[in-house]
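# Commentary on secondary and tertiary structure
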Amino acid sequence: MKTALVTGSSRGIGAATAALLAENGYSVCINYIERRDKAEELEACLRCRGCSVISHMADVSDPDAVNAMVRRIESELGNVTLLVNNAGIGEQHQFQDISPELWKRMFDVNLGGCFNSIRAVLPHMLHEHSGSIVNVSSIWGNHGASCEVAYSCTKHAIIGLTRSLAAELAPSGIRVNCVAPGVIDTDMVKVLGEETLSMLADDIPMGRLGRPEEIARMILNLAEAEYTTGQVVTVDGGFII
Ligand code: NAD
């Protein structure tokens with residue numbers, strides 16, 4: 001029995017991942033914080049295809065809300081065997097314009113969300129001596145990003161989390177891996193505007209932005225790569241080689 005929780009999965013990379021996992025035999029929880037309509041639309045669409053799916057609103061930065069979500073998954077779908085820590089926020093500011101509140105929120109959601117979700121699913125994985133966790137970082141988790149210092153710090157931390165936890169949990173039969181996307185065509189990058197996105201596409205050796213489905217494919221690959229742990233796989237069309 002394969003059961004996946006994909007955080008932040010009403011749209012973008014998370015939605016593509018939830019759909020791909022459901023099509024590959026996972027029971028899936030679509031987690032969302034906003035756009036309930038989108039989450040329910042995806043849930044209905046996957047149910048029509050015979051998939052076992054629920055959707056649940058929870059702010060991943062709130063440990064109680066995450067625990068309640070995981071208890072619901074356990075009672076309705078089964079214990080979580082795959083956690084995809086995808087929920088994330090990003091904003092572009094010069095460093096001197098980052099408020100303490102924004103800095104804290106960025107860490108609470110991007111890194112704290114991973115912490116809360118892992119803590120909620122880990123007891124069962126430890127008990128089963130089995131489980132897979134895939135974290136979503138970014139190329140800016142491996143490289144510096146001007147005007148994205150807070151975001152980049154959280155994504156660097158997610159890579160540290162991946163490597164350290166992988167080392168700690170490997171003897172317990174639990175794998176932890178990470179995908180580092182480049183520029184992917186989702187709502188998160190739409191704020192950059194058409195012109196900037198087009199210039200970015202020109203800078204990418206493969207000549208285009210990535211698609212959410214291409215990140216989802218790598219997440220599924222890592223989720224099921226039985227002898228792979230602690231790895232960070234970049235999926236960026238050759239943007240940073
Ligand atoms: P997106 O904005 O479409 O998706 C992010 C999702 O996370 C949304 O559904 C949002 O509602 C959800 N979310 C935000 N805060 C949340 C919270 N507190 N609790 C629960 N859910 C929350 O963007 P995306 O591109 O699909 O991003 C998915 C992940 O991929 C993010 O972690 C992002 O940092 C990462 N990423 C994206 C790109 C890119 O170019 N799009 C590149 C590298 C990494």
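The coordinates are above.
First, a word on scope: everything that follows refers to the structure included in this document.

Cut-offs used in this document
- Residues take numbers from 1 onward in each chain, read along the sequence in its written order.
- Under the rules for a predicted model, residues below a pLDDT of 70 receive no local features and side-chain atom pairs below 80 are neither given nor counted, while totals for whole chains, interfaces and linings still include all residues.
- Hydrogens and water molecules were not included; the side-chain quantities draw on all heavy atoms of the structure.
- By definition here, a salt bridge exists when the distance from a side-chain nitrogen of Lys or Arg to a carboxyl oxygen of Asp or Glu is within 4 Å.
- Where helices and strands are cited, they refer to DSSP runs of H or I of at least four residues and of E of at least two residues respectively, numbered from the N terminus.
- Each residue's exposure class comes from its accessible area (1.4 Å probe, protein chains only) as a fraction of the maximum for that residue type: buried when under 20%, exposed when over 50%, partly exposed otherwise.
- In these notes, residues near a molecule or strand are those with any non-hydrogen atom within 4 Å of it.
- Nitrogen and oxygen atoms within 3.5 Å of one another constitute a polar contact, given that in protein one can donate a hydrogen and the other can accept it, and given that sequence-neighbouring residues count only through two side-chain atoms.
- Computed with the Shrake-Rupley method and a 1.4 Å probe, the accessible areas treat only the protein chains shown as cover for residues.

Attention shifts here to the pattern of salt bridges. As enumerated under the stated definition, the model contains 14 salt bridges in all. Arg-11 is the salt-bridge partner of Asp-187, the closest N and O atoms lying 3.6 Å from each other. Here Arg-11 lies in the loop between strand 1 (3-6) and helix 1 (12-23) and Asp-187 lies in helix 7 (residues 187-190), a separation of 176 residues in the sequence. Across the pair Glu-74 and Arg-71 runs a salt bridge whose closest N-O atoms are separated by 3.0 Å. Within this pair, Glu-74 and its partner Arg-71 are both found in helix 3 (residues 63-76), separated by 3 residues, close to a single helical turn. Among the residues examined, Glu-74 registers a relative accessible area of 26% and is labelled partly exposed.

Here we take up the site of the ligand. In the region of the ligand, 29 residues are neighbours, and Arg-11, Asn-86, Tyr-151, Ile-184 and Thr-186 sit closest. One of the side-chain nitrogen or oxygen atoms of Lys-155 is found 2.9 Å away from an oxygen atom of the ligand. A distance of 2.6 Å separates an oxygen atom of the ligand from a polar side-chain atom of Thr-186. Protein burial of the ligand: of its 820 Å² of free accessible surface, 96% is covered by the chains. Elements that contribute at least two residues to the shell around the ligand include exactly helix 1, helix 4 (100-110), helix 6 (149-169) and helix 7.

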